[in-house]
Amino acid sequence: MNRTNFVQTGGIPVKAERLQELQEAYSIFNNLGYLAGNFAILTGCEVVGTNVSDGVVVINGEVILFVGGTLAQDVIIFETSISKEFKDGTSKPLHFIRCASFGTSEDMFSWNDFKRVDPI
């Protein structure tokens, strides 16, 4: 496994290359979702009455947080962007948070297709 030692004195050179290395690590870990299969419930997503709790699911190989709510037929993926001010004074989208939840959109997945996986 690749690693970076951030706990050092002398001023670590945090440049775009270091941050890209972290982004690549996210991509590698995301592939663990393929172990569970598509539309897998990894944790949470407990159905109690007409509500479903928060959890973690796999959709098309992406391990993604599931925001619970009132039980519905379709699951969607939504993305929230967080903008930050840069040194030059401009504000740009910097962080993107993807979650799944019940809803409607152009791309939807049937809640009935989601299955809880047994621990390996």
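Parameters at a glance
- Residues numbered from 1 in each chain as written.
- Predicted model: local features only at pLDDT ≥ 70, side-chain atom pairs only at ≥ 80, totals over all residues.
- Heavy atoms only, no water.
- Salt bridge = Lys/Arg side-chain N within 4 Å of Asp/Glu carboxyl O.
- Helix = DSSP H or I, 4+ residues; strand = E, 2+ residues; numbered from the N terminus.
- Buried < 20%, exposed > 50% of the residue type's maximum accessible area, 1.4 Å probe, protein only.
- Contact = heavy atoms within 4.5 Å.
- Pairing = 2+ DSSP bridges.

K.L.:
I would appreciate a short explanation of the pattern of salt bridges in the present structure.
P.N.:
Close approach of charged atoms allows side chains with opposite charge to pair. Considering all chains together, one arrives at three salt bridges under this definition. Here Glu46 makes a salt bridge to Arg116, at a shortest N to O gap of 3.8 Å. One end of the pair, Glu46, is in the loop between β1 (40-44) and β2 (47-48); the other, Arg116, is in strand β10 (residues 115-116), and 70 residues separate them in sequence. For Arg98, the salt bridge is made with Glu79, and the minimal N-O distance between the two is 3.6 Å. Here Arg98 is found in strand β8 (residues 91-102), whereas its partner Glu79 is found in strand β7 (residues 74-85), with 19 residues between them in sequence. Overlapping salt bridges, with partners in common, bring together Glu62, Glu79 and Arg98 in one network.

K.L.:
What am I meant to see in unusual backbone geometry here?
P.N.:
Most of the time, phi is negative for any residue but glycine, and the peptide bond is trans. Its identity is not glycine, yet Cys45 carries a phi of approximately 60°, on the positive side. Exposure remark for Cys45: the relative accessible area of 1% places this residue in the buried category. Notably, Asn60 is not glycine yet its phi reads approximately 50°, a positive angle. With respect to the secondary-structure elements, Asn60 resides in the loop between β4 (55-59) and β5 (62-67).

K.L.:
In this structure, what is going on with the environment of Ser110? I would like to understand it.
P.N.:
Inspection of the secondary structure assignment puts Ser110 in strand β9 (residues 109-110). Here Ser110 falls in the partly exposed class, since its relative accessible area comes to 22%. For Ser110 and Gln20, which are 90 residues apart along the polypeptide, the C-alpha to C-alpha distance reads 34 Å. Setting aside chain neighbours within four positions, we find Ser110 in contact with Gln73 and Asp74.

K.L.:
Help me understand the sheet that holds strand β3 (residues 51-52) in this model?
P.N.:
Strands belonging to one sheet form pairs held by backbone hydrogen bonds; the direction of such a pair is parallel or antiparallel. Read from one edge of the open sheet, three strands run β2-β3-β6, paired in antiparallel fashion. Each edge of the open sheet is held by one strand with a lone partner, namely β2 and β6 (69-70).

K.L.:
Looking at this model, I keep getting lost on the pairing of β5. Mind explaining?
P.N.:
The side chains of a regular strand alternate, first on one face of the sheet and then on the other. Pairing of β4 with β5, which is carried by five bridges, proceeds in the antiparallel orientation. When the bridges of β5 are listed, Val57 appears paired with Ile64. Counting the residues between successive antiparallel strands, the hairpin from β4 to β5 contains two residues, one of them, Asn60, with a positive phi of roughly 50°. With three bridges joining them, β5 and β8 adopt parallel strand pairing. Bridge pairing links Leu65 to Cys99 in β8.

K.L.:
Can you help me understand the environment of Glu46 in this one?
P.N.:
Classification of Glu46 by relative accessible area gives partly exposed; the value is 43%. As for Glu46 and Arg116, which are separated by 70 residues in sequence, their C-alpha atoms are 9.7 Å apart.

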